[in-house]
Amino acid sequence: MSDALDFLVKARPEAMGHYFAFLKDCGGRLDPKTRNLISVITKVHAQTERGLRQYLRRALRDGCSGEEVLDALLMAFPALGLAKIVWAVDVILAMDLPEFAFVAGSAASAVHAQGWHDLGPAGSVPPGETRRVECAGRAVFVHHGEGGWRVFDSRCPHQSTDIPLALDGQVLTCPKHGWRFDVGTGACTEHGDRPLREWDCRLHEGRVQGYW
Ligand code: FES
């Protein structure tokens, strides 16, 4: 929710409660994917980047594919116009989402070409420590825990902010809205409701590798 909406909810709880109930009831007969796609289009129409990032992630989580999002954007061309669609695609590409890697030869498809990626020698991360490693177009957190190695994407599950490695003990905090994560498990421990994305990892000939 935006800061402005958050403020209005606190300042006028009854009126805003009616507003949200109205919105919920309006979409009550639509399936979740359709509801999400309409929400994405409204955010593009209003050109609110934060809202677009939030609702796009929700749409993908609820089963929409990148192709479907693109179709919805293009179908809304009469209302959006080309400039807003291009703006939205710029935002989407900046989010670096694997769901949009389906266009062969695009930067997104190169970044998301699947395979094992070398993340450095195992000896470079002592037990109990974490390193941020950039590799093949993305950054990851490599954690050497008691139970073994874990590799997490550096992008925040909230709105894809690229999180720097600034740890307070084992707590990682996204600088944008303050979601907190346990860097050893990826779990969101405060302010948010979704964990860091985890990549498969393995030790191969003394080196840590991640798969994406
Ligand atoms: S982008 Fe909002 S908490 Fe990270």
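Overview of the nonpolar core
Phase 1 of the analysis: Grouped together as the largest cluster of nonpolar side chains are 21 residues, with contacts concentrated most on Val 44, Leu 52, Leu 56, Val 69, Leu 73, Leu 80 and Phe 100.
Phase 2 of the analysis: Among the elements of the structure, helix H3 (32–46), helix H4 (49–61), helix H5 (66–75) and helix H6 (77–95) are those that each provide at least two residues to this core.
Phase 3 of the analysis: Per-element tally for this core: the top contributor is H6, with 6 residues.
Phase 4 of the analysis: Once you skip the residues sitting within four places of it in the chain, Leu 52 turns out to touch Val 40, Lys 43, Val 44, Trp 87, Ala 88 and Val 91.
Phase 5 of the analysis: Counting residues in hydrophobic clusters, the runner-up holds 12 residues, among them Ala 122, Val 140, Val 208 and Trp 212.

Details of the packing of H3 against H4
Phase 1 of the analysis: Remark: H3 packs on H4, axes separated minimally by 9 Å, with the N-to-C direction vectors making an angle of 165°. The orientation of H3 relative to H4 falls into the category roughly antiparallel. Crossing geometry of H3 relative to H4 is assigned as left-handed. Residues Asn 36, Ser 39, Val 40, Lys 43 and Val 44 of H3 touch H4, and the partners they reach there are Gly 51, Leu 52, Tyr 55, Leu 56, Arg 58 and Ala 59.

Examining the environment of Arg 58
Phase 1 of the analysis: Among the secondary structure elements, Arg 58 is positioned in helix H4.
Phase 2 of the analysis: Separated by 25 residues in sequence, Arg 58 and Lys 33 place their C-alpha atoms 9.4 Å apart.

With respect to the sheet that holds strand E4 (residues 148–153)
Two orientations exist for strands paired in a sheet by backbone hydrogen bonds: parallel and antiparallel.
Phase 1 of the analysis: Read across the open sheet, the 6 strands follow the order E1-E10-E9-E4-E3-E2; overall the sheet is antiparallel. The open sheet is flanked by strand E1 (116–121) and strand E2 (130–135), the only strands paired with a single partner. With direction set aside, neighbouring strand axes in the sheet form an average angle of 30°.

Cut-off values and rules
- Residues numbered from 1 in each chain as written.
- Predicted model: local features only at pLDDT ≥ 70, side-chain atom pairs only at ≥ 80, totals over all residues.
- Heavy atoms only, no water.
- Core = buried A, V, L, I, M, F, W, Y, C linked by side-chain atoms within 4.5 Å.
- Buried < 20%, exposed > 50% of the residue type's maximum accessible area, 1.4 Å probe, protein only.
- Helix = DSSP H or I, 4+ residues; strand = E, 2+ residues; numbered from the N terminus.
- Contact = heavy atoms within 4.5 Å.
- Axes fitted to C-alpha atoms, helices over the stretch in contact; angles between N-to-C directions.
- Parallel < 35°, antiparallel > 145°, perpendicular 65-115°, else oblique.
- Left-handed = near helix turned anticlockwise from the far one by under 90°.
- Pairing = 2+ DSSP bridges.

Honestly, it's all geometry; don't read function into it.
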